[in-house]
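# Analysis of the macromolecular model
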Amino acid sequence: MTITEERPSEAPDAEPTEVGRRRTRKEDQRLITGRTKWTDNIILPGMLHAAMVRSPFAHATITKIDTNAAKEATGVITVVTGEDVKDVQGVIANAWPITPDQKTPTHLPVAISRVACAGEIVAVVVARSAAAARDAAELVDVDYDELPAVLDLKEAAEDKVIAHPDLGTNKSAFWKLDSAEQGSGGNVDEAIAKARSGGIVIEREYRQQRLIPAFMEPRSVVVDPTGDQMVVWSSTQIPHILRFLIAATTGIPESKVRVIAPDVGGGFGGKLQTTPEEFVTIALARRLGKPVKYTETRSESLLSGHHGRDQWQKLTLTAEKDGTVTGLKVELLANMGAYVALMGGGVPVLGAWMYNSIYKFPAYQFNCQTVLTNMPWVDAYRGAGRPEATFAIERIMDELAAEVGVDPLEIREKNWITHDEFPFTTVAGMTYDSGNYEAATDKAKGLFDYDGLRAEQKQRRESKDPVQLGIGVSTFTEMCGLAPSRLLGQLNYGAGGWESASIRMLATGKVEVITGTSPHGQGHVTSWSQIVADRLGVPFEDVEVLHGDTQIAPKGMDSYGSRSLVVGGEAVVRAADKVIENAKPIAAHLLEASADDLEFTKGRFEVKGTDKGVGIAEIAMATFTAHNLPDGMEPSIDASSTYDPVDFSFPHGTHLCAMEVDTETGESRMRSYVCVDDVGVIVNPLIVEGQIHGGLVQGIAQALWEGAEFDDNGTLVTGSFVDYTLPTAADTISFVSDHTTSPSTTNTLGTKGVGEAGTIASTPAVVNAIVDALRPMGINDILMPCTPERVWKAIQSAGARQAAPTQPSSQPHFGEDLPNQDDPGASAGDSTEGGAQ
């Protein structure tokens, strides 16, 4: 495929712009030709290498560690245990305690007396080479007394086995949002009671399986303690946050810590973390006074990096008999794993404002119980709370459509916010500033041939074709930006939501942009260059973007949560506008004109009504020489901006998926996929398409292939890419993507987030399509991933149920198993009241 650089369509007399242009990325040439610097490429004089000794048990007491054989191995410098570094290793922090009484077990980088999950570090070998360190790690002999482990999320909530005996419970925190209590809506329990007596009540329980953020570059860290500052190179999404937490938990002055995130090979939230390995390597480097490197193996990455999702979701939806929604109650069990991670309970809580999605629910309640288990810790994974919420609401909206007997799109249109109702304050208390769900859906239907596929589906059903066609719908919105800071403070989040940028005008007319965002594949260098080129009227090629080094970019909140453009990009815009304002009095002085008579266009200040003007590059040189400046004027037009948003941004879209399901084998094959996303004003369509396509594959993978599986002892059995089935290009089809544009009203450019949109929307679209194909058989759910085995078992189970005498339905309660829920192919039992009976 040939990629061309196209400009946005413009009127014949319009000046070409960079914003909206399909530019190939500046950073790609060196990235794809290997001329880059990953953390593991860094080699320092006298550098040593670390290897971790990890617990094979999910829960155990450490009774003895014999390091003698390892210490005598060739090339080994030292072997340390948790006892050796207990005073200097620090702790792994939780930045978001969601309640004041949250139970937060102490998470030491190296365990001292007890391990709470398989993969936890119990000792570290330092050697002259990575190979020698790994070999010697095999010689460390650790004696354990195995303890009872709790691995099942629902069993953990019952406190029969305690993951951390000193806490006395597995329940970490309970968090609630109630529309009646906060005054944003009615009482959901009253809505349920009313619907039971004359409306529709639908109860469903959905399982979000555990996923692993399988980024391309394994995590790696290099620490050099030999200079005036300790320098830490890390494959991280959060260099600024990491620097702060190193200082806050180890006692090293923040001014003495420099963190560099060089080129980072993907993250997806998996590098939104301060890791035990980072803190262990810091402790070792300080102890030895030499540079130390640690790079994980792929198996270590899959086992000991944090995981994502892992929830049970119970939803109760109420509606009038015509399908008008009247209430929504959400009850979550969220697995934290063995420790409460950096974002921790904040991840499922982020979904609290999204379960109501684009629909006008009058009453709403969200309840979240976070739970500790003896499994690897769980934290942010692409979407972080929003994919889970979107999956559940989009699945149950399909159930409502089936109950009322209308098309899934019809039930959504009946209940969604219309374009003329924006800005709209939802039942959860969020104010959506802009959107047009009708336009996105209409465009998607046309691209998808929705009516034609429905006709084909009808024909296949009537002919009893063994390969049935299912059509899945997902109409979603999400909240992006993780801001404003004041709101985050009210939620007890440990940091702000602002972002910082600086712009330096060099004497030669070139421009340096220093950004607090930290890209790891998103294309910030290209997009920021486009924004600044337009704003300052300089060539795109003349803009250099610097990032990821706390010495060069000392202020920042880094990259996650689709915040980089809507927060960091806005900071860049505001810094550029300040440069123009700073340059204006110098331009007026050089032109011997009043500043009020100047206008700035296309990189030049011109006197209104004349052809007199001076370019921004000329002003940069005049500032550098300082030979002819206004009296009292400092010789600089550089500028900085720290931007704190007034609200989140709310992209949305309509995703449509057609799946062909072989009812004889259970195989599901994607026939077509169309998505139309509204992400506001698009800076670079090529980058946006790449983000959406990548997100689609990750969301589809959750629906069809991916899942972290453990045995009864808590051992990860999907510990390699042989067993943890990531999709390849051969497993996917060509997607059709398009967009509509409803500019955001809360930032200058009108942009919204895009990095997580594809992942959020695609999972329910795929599962809805599979269930839609099988619904005539009485199947209304299949646990993810929807493998051929699970689909086939669901079909067989449905056939057996249809052949059996009808049994009275019973309503499942939160924490109870649904019928056959332990069968990986079983569908959820029907739990619909009111109009269903």
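Quick notes on the rules
Residues numbered from 1 in each chain as written. Predicted model: local features only at pLDDT ≥ 70, side-chain atom pairs only at ≥ 80, totals over all residues. Heavy atoms only, no water. Helix = DSSP H or I, 4+ residues; strand = E, 2+ residues; numbered from the N terminus. Rg over C-alpha atoms; globule rule 2.2 N^0.38 Å. Contact = heavy atoms within 4.5 Å. Areas by Shrake-Rupley, 256 points an atom, 1.4 Å probe, with all protein chains shown as cover. Lys, Arg positive; Asp, Glu negative; His and termini not counted. Charge placed at Lys NZ, Arg CZ, Asp CG, Glu CD. Pairing = 2+ DSSP bridges. Axes fitted to C-alpha atoms, helices over the stretch in contact; angles between N-to-C directions. Polar contact = N/O pair within 3.5 Å; in protein donor to acceptor, adjacent residues only side chain to side chain. Expected span 1.5 Å × (residues − 1). Core = buried A, V, L, I, M, F, W, Y, C linked by side-chain atoms within 4.5 Å. Buried < 20%, exposed > 50% of the residue type's maximum accessible area, 1.4 Å probe, protein only. Parallel < 35°, antiparallel > 145°, perpendicular 65-115°, else oblique. Nonpolar A, V, L, I, M, F, W, Y, C, P; charged D, E, K, R; others polar. 1 Å grid on protein atoms, 1.4 Å probe; cavity = no way out; pocket = protein on both sides within 12 Å on 5 of 7 lines; lining within 4 Å. Points joined across faces, edges and corners; volume = space filled by probe spheres on them. pLDDT = per-residue confidence, 0-100.

## With respect to the overall build of the chain
The helix and strand inventory of the chain stands at 21 helices and 29 strands. For 837 residues, the compact-globule formula gives about 28 Å, and the C-alpha radius of gyration of the chain, at 28 Å, lands near that figure. Taken along the three principal axes of its C-alpha coordinates, the chain extends 95 × 75 × 50 Å. In the chain, the share of contacts with a sequence separation of at least 24, taken over all contacts with a separation of at least 6, comes to 78%. Carbon and sulfur atoms form 50% of the exposed surface of the chain, whose accessible area is close to 31,000 Å². Across the chain, the centroid of the 73 positively charged side chains sits 2 Å from that of the 113 negatively charged ones.

## Thoughts on the sheet that holds strand 21 (residues 543-546)
Strand pairing in a sheet takes place through backbone hydrogen bonds and is either antiparallel or parallel in direction. Sheet architecture is open: 4 strands sit in the order 21-20-19-25, paired in mixed fashion. Strand pairing shows two members of the sheet lacking a second neighbour, strand 21 and strand 25 (639-643), which therefore form its edges. Across the sheet, the mean angle from the axis of one strand to that of its neighbour is 15 degrees, orientation sign disregarded. Pairing between strand 19 (residues 499-505) and strand 25: 5 bridges, direction antiparallel. Bridged to Ile503 within strand 25 is Ala639. Across the sheet, helix 16 (residues 524-536) lies against strand 19, strand 20 (511-515) and strand 21, angled at about 135 degrees from strand 21, the strand it touches most.

## Concerning the side chain of Thr663
Examined against the element boundaries, Thr663 turns out to sit in the loop between strand 26 (652-662) and strand 27 (668-678). At 2.7 Å, the side chain of Thr663 and the backbone oxygen of Pro466 are in polar contact. Setting aside chain neighbours within four positions, we find Thr663 in contact with Pro466, Gln468, Leu774, Met777 and Ile795.

## Things to note about helix 11 (residues 386-404)
For an α-helix the count is 3.6 residues per turn, leaving residues at separations of three or four pointing the same way. Given a rise of 1.5 Å per residue, 19 residues ought to cover 27 Å, and the 27 Å separating the end C-alpha atoms of helix 11 matches this to within 8%. Gly405 sits one or two positions beyond helix 11 and adopts a positive phi of about 85 degrees.

## Observations concerning the environment of Glu789
Inspection of the secondary structure puts Glu789 in helix 21 (residues 788-803). Glu789 sits 94 residues away from Gly695 along the chain, and the two C-alpha atoms are 25 Å apart.

## A word on the nonpolar core
Core analysis: the largest hydrophobic core is formed by 108 residues, its most contacted members being Trp353, Tyr355, Phe366, Tyr673, Val766 and Ile770. Among the nonpolar cores identified, the runner-up in size contains 41 residues, and Ile503, Val511, Val532 and Val607 belong to it.

## Notes on the packing of helix 17 (residues 564-591) against helix 18 (residues 616-625)
Following both chains from N to C, one finds helix 17 and helix 18 inclined at 80 degrees, their axes separated by 10 Å at the closest point. Looking at the two axes, helix 17 sits roughly perpendicular to helix 18. Side by side, helix 17 and helix 18 meet where Val579, Ala583, Ile586, Ala587 and Leu590 of the first sit next to Ile616, Ile619, Ala622 and Thr623 of the second. Looking at side-chain class alone, the contact of helix 17 with helix 18 contains 8 nonpolar, 1 polar and no charged residues.

## Remarks on empty space enclosed by the protein
Applying the stated criterion to the full structure yields 7 cavities of 30 Å³ or more. Estimated volume of the largest cavity: approximately 130 Å³. Every element with two or more residues in the lining of the largest cavity is listed here: helix 8 (276-288) and helix 9 (298-304).

## Here we look at unusual backbone geometry
In the segment running from Ala483 into Pro484, the intervening peptide bond is cis, with an omega of 5 degrees. For Pro484, the position within the fold is in the loop between strand 18 (467-477) and helix 15 (485-490). Backbone torsion omega between Met784 and Pro785 reads -5 degrees, so that peptide bond is classified as cis. Mapped onto the elements of the fold, Pro785 is located in the loop between helix 20 (757-774) and helix 21. Not every positive phi belongs to a glycine, and Asp310 is a case in point at roughly 65 degrees. Among the secondary structure elements, Asp310 is positioned in strand 13 (residues 308-319). The class for Asp310 is buried, based on a relative accessible area of 2%. Positive phi, close to 60 degrees, is recorded for Ala626, a residue that is not glycine. Examined against the element boundaries, Ala626 turns out to sit in the loop between helix 18 and strand 25. The class for Ala626 is partly exposed, based on a relative accessible area of 36%.

## Notes on the confidence of the model for the chain
Scored by pLDDT, the chain comes out at a mean of 94, with 94% of its residues at no less than 70. Confidence drops under pLDDT 50 across residues 1-14; counting only partners more than four residues distant or on other chains, this segment forms 19 contacts.

## As for the sheet that holds strand 9 (residues 220-224)
Read across the sheet, 7 strands follow the order 3-5-1-12-9-10-11 without closing on themselves; strand pairing throughout is mixed. This sheet does not close on itself; its edge strands, each paired only once, are strand 3 (76-81) and strand 11 (257-260). Ignoring which end each strand starts from, the neighbouring axes of this sheet average 20 degrees apart. Pairing geometry for strand 9 and strand 10 (residues 230-234), over 4 bridges, is antiparallel. Counted as the bridge partner of Val221 is Ser234 from strand 10. Running at roughly 150 degrees to strand 11, helix 7 (residues 239-250) makes contact with strand 10 and strand 11 of the sheet. Running over the sheet, helix 8 touches strand 1 (48-54), strand 3, strand 5 (121-127), strand 9, strand 10 and strand 12 (292-295) and is turned about 45 degrees from strand 5.

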